[in-house]
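# Understanding the architecture of this molecule
Residue strings, one per chain:
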Amino acid sequence: MPERRAGTRARRPSAPRRRATAVTRAAAGARGAAARDAGARTQRRAPVRVLFLDVDGTLTDGVIAYTAAGDLRNFWVRDGLALEWAKQAGLLPVVISGRESKAVEARMQDLKLESYLGASDKVAIAERVLARERAEWSECAMVGDDLPDVPLLRRVGWPIAVADCSPEVRRFARTVTRARAGFGAVREVVEMLLRHNGAWERVLERYEARP
């Protein structure tokens, strides 16, 4: 029987190769994650020009009450104040709702907001607004809470859902607010967008609130 040479088994490099492959895959995964993060930042780099908003479950808490005089809604005062800041800073709020409501109509008039109530096709209305403003979908944000808002959320550059949105809507949102609908979610969104646009400092200066 021929003599076995010493060191023959040491020639197999399988273990080091596996370790090298694992390291390579980890590095590639890290690069991929960094690229995805950079891509997300790139998509949001342009200033936001138009903010589309739903009403029930976004600007309100989603509760609808009725009296003999008509329907009732609850609005958060800070949301309304923030929308005034948005207009003053060049960010156009556009409210689109599938329901008609005298209470909502009164609030929209109070805030002097562009609004479309009883809308059967939110995308068609938004497209008319974009054509008029000569804006792109990438320059828009949308905040909503339920399935009728998904078509707009899928088109805008910055889709946003309120904290208590339906689970199906959450997966289409790039940002989910901390605040609930009707309790400051829109105030949070407006501040976020004005910070992104570089206009938030002017709001703070107006109220002598800069640190």
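Residues numbered from 1 in each chain as written. Predicted model: local features only at pLDDT ≥ 70, side-chain atom pairs only at ≥ 80, totals over all residues. Heavy atoms only, no water.

## Comments concerning the packing of helix H2 (residues 77–88) against helix H7 (residues 185–197)
Put simply, the rule reads: Fitted lines through C-alpha atoms serve as axes, helices being fitted only where they are in contact, and the angles separating the N-to-C directions of these axes extend from 0 to 180 degrees. Every helix listed is a DSSP run of H or I at least four residues long, and every strand listed is a run of E at least two residues long, numbered separately from the N terminus. For this classification, under 35 degrees means roughly parallel, over 145 means roughly antiparallel, 65 to 115 means roughly perpendicular, and everything else is oblique. The hand of a helix crossing depends on one turn: near helix anticlockwise from the far one by less than a right angle means left-handed, and clockwise means right-handed. The contact criterion used throughout is that any non-hydrogen atoms of two residues lie within 4.5 Å. In this classification, Asp, Glu, Lys and Arg are treated as charged, Ala, Val, Leu, Ile, Met, Phe, Trp, Tyr, Cys and Pro as nonpolar, and every other residue, Gly included, as polar.
In contact at an axis separation of 7 Å, H2 and H7 are set at 25 degrees when each is read in the N-to-C sense. The pairing of H2 with H7 is recorded here as roughly parallel in orientation. Taken as a pair, H2 and H7 cross one another with a handedness that is left-handed. Taken together, the residues of H7 that come into contact with H2 (itself represented by Arg78, Asp79, Ala82, Leu83, Trp85 and Ala86) are Ala185, Val186, Arg187, Val190 and Leu194. Partitioned by chemical class, the residues of the contact of H2 with H7 number eight nonpolar, no polar and three charged.

## Overview of the pairing of strand E4 (residues 92–96)
This is how the line gets drawn: Partly exposed describes any residue whose relative accessible area lies between the buried limit of under 20% and the exposed limit of over 50%, with all areas from a 1.4 Å probe on protein chains only and scaled to the type maximum. Note on pairing: DSSP must find at least two bridges between two strands before they are called paired. Convention used here: a crossover is right-handed provided that the path from the first strand, over the helix, to the second strand proceeds clockwise when the strands point away from the viewer.
E4 sits mainly inside the fold: four of its five residues count as buried. Of the strand pairs in this sheet, strand E1 (residues 50–53) and E4 are connected by four bridges, and their pairing is parallel. Bridge pairing in E4 links Leu53 to Val95. Alignment of E4 against strand E5 (residues 114–116), held across three bridges, turns out to be parallel. Bridging across to E5, Val95 finds its partner in Ser115. With respect to chirality, the unit in which E4 leads through helix H3 (residues 102–111) into the neighbouring parallel E5 is right-handed.

## A word on the packing of aromatic side chains
Definition in use: The aromatic pairing rule takes the rings of Phe, Tyr and Trp, using the six-membered ring of Trp, and pairs them if the centres are within 6.5 Å, calling planes under 30 degrees apart stacked, those over 60 edge-to-face and the rest tilted.
All chains considered together, the criterion is met by four aromatic pairs. Considering the side-chain rings of Trp76 and Phe183, the 5.3 Å spacing of their centres and the 55 degrees angle between planes classify their relative orientation as tilted. Residue Trp76 is located in the loop between strand E3 (70–72) and H2, and its partner Phe183 is located in the loop between strand E8 (175–176) and H7; the two are separated by 107 residues in the primary sequence. The exposure class of Trp76 is partly exposed, given its relative accessible area of 27%.

## Re the nonpolar core
The criterion, for reference: What makes a nonpolar core is a set of buried Ala, Val, Leu, Ile, Met, Phe, Trp, Tyr and Cys residues whose side-chain atoms join them at distances within 4.5 Å.
If you look at the biggest cluster of nonpolar residues, it comprises 54 residues, and the most contacted ones within it are Leu51, Phe52, Leu83, Ile96, Val190, Leu193 and Leu194. Residue contributions to this core peak at seven residues, all from H7. For Ile96, the residues in contact, after removing those within four places along its chain, are Phe52, Leu53, Asp54, Val55, Tyr116, Ala119, Lys122, Ile125, Ala126 and Leu152.

## Thoughts on the sheet that holds strand E6 (residues 140–144)
One open sheet holds the six strands; their spatial order is E5-E4-E1-E6-E7-E8, and the pairing between them is parallel. In the strand order of this sheet, the two ends are held by E5 and E8, each with one partner. Running over the sheet, H7 touches E1, E6, strand E7 (158–161) and E8 and is turned about 155 degrees from E7.

## Regarding the side chain of Asp79
In plain terms, the rule: Counting rule applied: Lys, Arg positive; Asp, Glu negative; His and chain ends not counted. The rule for a salt bridge is simple: a side-chain nitrogen of Lys or Arg has to be within 4 Å of a carboxyl oxygen of Asp or Glu. Whenever a nitrogen or oxygen atom comes within 3.5 Å of another N or O atom, the pair is scored as a polar contact, on the condition that within protein one atom can donate a hydrogen and the other can accept it, and that pairs from neighbouring residues in sequence are kept only if both atoms are in side chains.
For Asp79, the location among the structural elements is in helix H2. Buried within the structure, Asp79 lacks any salt-bridge partner; Arg187 is the closest side chain of opposite charge, at an N-O distance of 7.0 Å. A distance of 3.5 Å separates a polar atom in the side chain of Asp79 from the backbone nitrogen of Val186. Look past the residues within four positions of Asp79 in its chain and what remains in contact with it is Leu59, Gly182, Gly184, Ala185, Val186 and Arg187.

## As for the confidence of the model for the protein
Put simply, the test is: On a scale of 0 to 100, pLDDT captures the predictor's confidence in every residue.
Here the protein averages 87 in pLDDT, and 79% of its residues register 70 or above. Note that pLDDT drops below 50 for residues 19–24; the model gives that stretch zero contacts with residues more than four away or on any other chain. In the model, residues 26–42 has pLDDT below 50 throughout and makes one contact with residues more than four positions away in sequence or in other chains.

## Remarks on the layout of surface pockets
Spelled out, the test is: Only protein atoms enter the 1 Å grid, on which a cavity is a set of points fitting a 1.4 Å probe that cannot get out and a pocket is an open set with protein on both sides within 12 Å along at least 5 of 7 lines, lining residues being those with an atom within 4 Å of a point. Grid points are joined across faces, edges and corners, and a volume is the space filled by probe spheres set on the points.
Here the largest pocket defines a volume of roughly 160 Å³. Lining the largest pocket, in full, are Asp54, Asp56, Ser97, Gly98, Arg99, Ala119, Lys122, Asp145, Asp146, Pro148 and Asp149. Grouping the constituent residues of the lining of the largest pocket by class yields two nonpolar, two polar and seven charged.

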